[in-house]
Protein chains: 2
Amino acid sequence: MRIRTEITSDYITEEDHRVAKVANALAHPLRVALVRYLAEKNGGRGTDNITCNKDLVEMFDYSQSTMSQHVKILKECGLFVTETKDKFTFYYLDKDLLKLFKNSLNL
Amino acid sequence: MRIRTEITSDYITEEDHRVAKVANALAHPLRVALVRYLAEKNGGRGTDNITCNKDLVEMFDYSQSTMSQHVKILKECGLFVTETKDKFTFYYLDKDLLKLFKNSLNL
DNA sequence: TTTATATATTGTATATTTGCGATATACATT
DNA sequence: AATGTATATCGCAAATATACAATATATAAA
């Protein structure tokens, strides 16, 4: 997502930018699948959530570095939140942000 | 949005691809603003909808070719539908598709 | 302390996106 | 027919995205 650094039109609001940022994070099928997968797993924190480990890599058939990179994009927009325990980093879906995003599209 | 041509993981569904495609169209603030603007204007077809004319160009402060290109992306994913009358091409928002997109995110 | 595992980062090649001027096309008006 | 207006497309340069191997880092297990 590349945005002009100059004056962006007055008709483009801050909210438009926020919406675009989340949309951008969902603009790749792997990331959509990750969000969906996490939403299913993610009844409550600390239970059975995903990590970026070998299993996940094999499951999605992307390299570990690629997976990590996609997760990073989801983290940067706020959809994914992480919590590290021992060796593992667990990812949680911020359902409230997702809800906010959907509500922004109630046009 | 660049996707591997090879086997995409079984965990990435066709729906994930569809969601990503719409999300991709919304992954730029100008396009979000266009959708929002059209949704406001767009009570019913044939009334007061936008065209890609000079006014719109001035309003959003992007060049005509750039505007046209962004509109094209919105058309390609199906969010915008066009209807040409005389010199003018009017754009309509496919609210059903937008609704479908939002429902796909009810995780 | 060596070794293995989990995750993140860096470097790199390639593809795609973005923005715009220039040009093309199509219809309207003069 | 010539001119003007609305849109679309092309070609270019710069920015960004994608995928992955290699490497770094941190912790666990042996």
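Above this note sits the structure.
Conventions adopted
- Along each chain, residues carry numbers from 1 onward, in the same order as the chain's sequence is written.
- Here the convention is simple: chains get letters from A, ligands get numbers from 1, in the order in which they are written.
- With pLDDT at 70 or above as the cut-off, local features in this predicted model cover only qualifying residues; side-chain atom pairs require 80 or more to be listed or tallied, and sums for whole chains, interfaces and linings still use all residues.
- Note that water and hydrogens are dropped before the side-chain values are worked out from all heavy atoms of the structure.
- Strands here mean DSSP runs of E at least two residues long; helices mean DSSP runs of H or I at least four residues long; both are numbered from the N terminus.
- Two rings belonging to Phe, Tyr or Trp (six-membered ring only in the last case) form a pair when the distance between their centres is within 6.5 Å. Interplanar angles under 30 degrees mark stacking, angles over 60 mark edge-to-face geometry, and anything in between is tilted.
- Each residue is placed in one exposure class: buried if its accessible area under a 1.4 Å probe, protein chains only, is under 20% of its type's maximum, exposed if it is over 50%, and partly exposed if it falls in between.
- In the analysis that follows, any N or O atom pair within 3.5 Å is treated as a polar contact, provided that within protein one partner can donate a hydrogen and the other can accept it, and provided that, for residues neighboring in sequence, both atoms belong to side chains.
- Note on contacts: a residue pair qualifies if any of its non-hydrogen atoms lie within 4.5 Å across the two residues.
- Alignment of copies: least-squares fit on C-alpha atoms of residues with pLDDT of at least 70 in both copies.
- When two components associate, each loses some accessible surface as probed by a 1.4 Å sphere; the sum of these losses over both components is called the buried area.
- Salt-bridge detection follows one rule: a side-chain nitrogen of Lys or Arg within 4 Å of a carboxyl oxygen of Asp or Glu.
- Note: the arc covers the axis-to-C-beta directions of the helix.
- Pairing between strands requires that DSSP locate at least two bridges from one strand to the other.
- Only the stretch in contact is used when fitting a helix axis, every axis being a line fitted to C-alpha atoms; angles between N-to-C directions are given from 0 to 180 degrees.
- Should an angle lie under 35 degrees it is considered roughly parallel, over 145 roughly antiparallel, and from 65 to 115 roughly perpendicular; all remaining angles are considered oblique.
- Each residue is assigned to one of three groups, with Ala, Val, Leu, Ile, Met, Phe, Trp, Tyr, Cys and Pro labelled nonpolar, Asp, Glu, Lys and Arg labelled charged, and all others, Gly among them, labelled polar.

1. As for the environment of Asn53 of chain B
Its location among the elements puts Asn53 of chain B in the loop between α2 (29-41) and α3 (54-60). Each C-alpha atom of the pair Asn53 of chain B and Phe90 of chain B lies 10.0 Å from the other, and the pair is 37 residues apart in sequence.

2. Structural notes on the packing of aromatic side chains
Scanning all chains against the criterion turns up 11 aromatic pairs over all chains. Judged by centre distance (6.2 Å) and plane angle (35 degrees), the rings of Phe88 of chain A and Phe90 of chain A are tilted. Seen in terms of ring centroids, Tyr37 of chain B and Phe60 of chain B are 6.3 Å apart; in terms of plane orientation they differ by 85 degrees. Their pairing is edge-to-face. With Tyr37 of chain B in helix α2 and Phe60 of chain B in helix α3, this residue pair connects regions lying 23 residues apart in the sequence. In this pair, the class of Tyr37 of chain B matches that of Phe60 of chain B, namely buried.

3. Some thoughts on the side chain of His70 of chain A
Residue and element names in this part refer to chain A. With respect to the secondary-structure elements, His70 resides in helix α4 (residues 64-76). The class of His70 is buried, set by a relative accessible area of 11%. In this structure the side chain of His70 is engaged in a polar contact, spanning 2.9 Å, whose partner is the side chain of Arg31. Among residues more than four places away in sequence, those in contact with His70 are His28, Leu30 and Arg31.

4. Re the relation of the copies chain B and chain A
Laying chain B over chain A is done by rotating through 180 degrees and shifting 0.0 Å along the axis; what remains is an RMSD of 0.0 Å. Between the two chains, the operation in question is that of a two-fold axis. Minimal C-alpha separation from the rotation axis in chain B is found for Ala23 of chain B, amounting to 2.4 Å. The fraction of interface residues of chain B whose copies in chain A are also interface residues reaches 100%, indicating that both copies meet through the same surface.

5. Examining the interface of chain B and chain A
One widely used convention gives an interface's size as the accessible area the parts lose upon coming together. Every contact between the two is made by 36 residues of chain B and, on the other side, 36 residues of chain A. At the boundary of chain B with chain A, total buried surface from both sides reaches about 3200 Å², with 67% on carbon and sulfur atoms. Here chain B and chain A share two salt bridges between them. Here Asp16 of chain B and Arg36 of chain A are joined by a salt bridge, their closest N and O atoms 2.6 Å apart. Linking chain B with chain A are eight residue pairs in polar contact (both at pLDDT 80 or more), by the criterion used here.

6. Quick look at helix α5 (residues 95-104) of chain B
Among the residues of α5 of chain B, Leu98, Phe101, Lys102 and Ser104 of chain B are the ones counted as buried. Buried residues of α5 of chain B, seen end-on, are gathered within an arc of 160 degrees and therefore sit on one face of the element. Residues Asp96 and Leu100 of chain B are exposed on α5 of chain B and point more than 90 degrees away from its buried face. Looking at the packing, one finds that the buried side of α5 of chain B touches α5 (95-104) of chain A together with α1 (14-25) and β2 (88-93) of chain B.

7. A look at the pairing of β2 of chain B
Residues and elements named next belong to chain B. The sheet contact formed by strand β1 (residues 80-85) and β2 spans six bridges and is antiparallel. Bridge pairing in β2 places Thr82 opposite Tyr91. Hairpin connection between β1 and β2: a loop of two residues separates the two successive antiparallel strands, and Asp86 in this loop has a positive phi of roughly 55 degrees.

8. Quick look at the environment of Lys72 of chain B
With respect to the helices, strands and loops of the structure, Lys72 of chain B is situated in helix α4 (residues 64-76). The spacing of Lys72 of chain B and Ala25 of chain B is 47 residues in sequence and 9.6 Å in space, taken between C-alpha atoms.

9. A few points about the packing of helix α2 (residues 29-41) of chain A against α4 of chain A
A pair of packed helices is characterised by two quantities: the angle between their axes and the separation of those axes. All names here are of chain A. Packing of α2 against α4 brings their axes to within 10 Å, and their N-to-C directions diverge by 70 degrees. When the axes of α2 and α4 are compared, the pair comes out roughly perpendicular. Listed contacts from α4 to Leu30, Arg31, Leu34 and Val35 of α2 are Met67, His70, Val71, Ile73 and Leu74. Here the residues of the contact of α2 with α4 sort into seven nonpolar, one polar and one charged.

No statement about biological role is implied by the geometric values presented.
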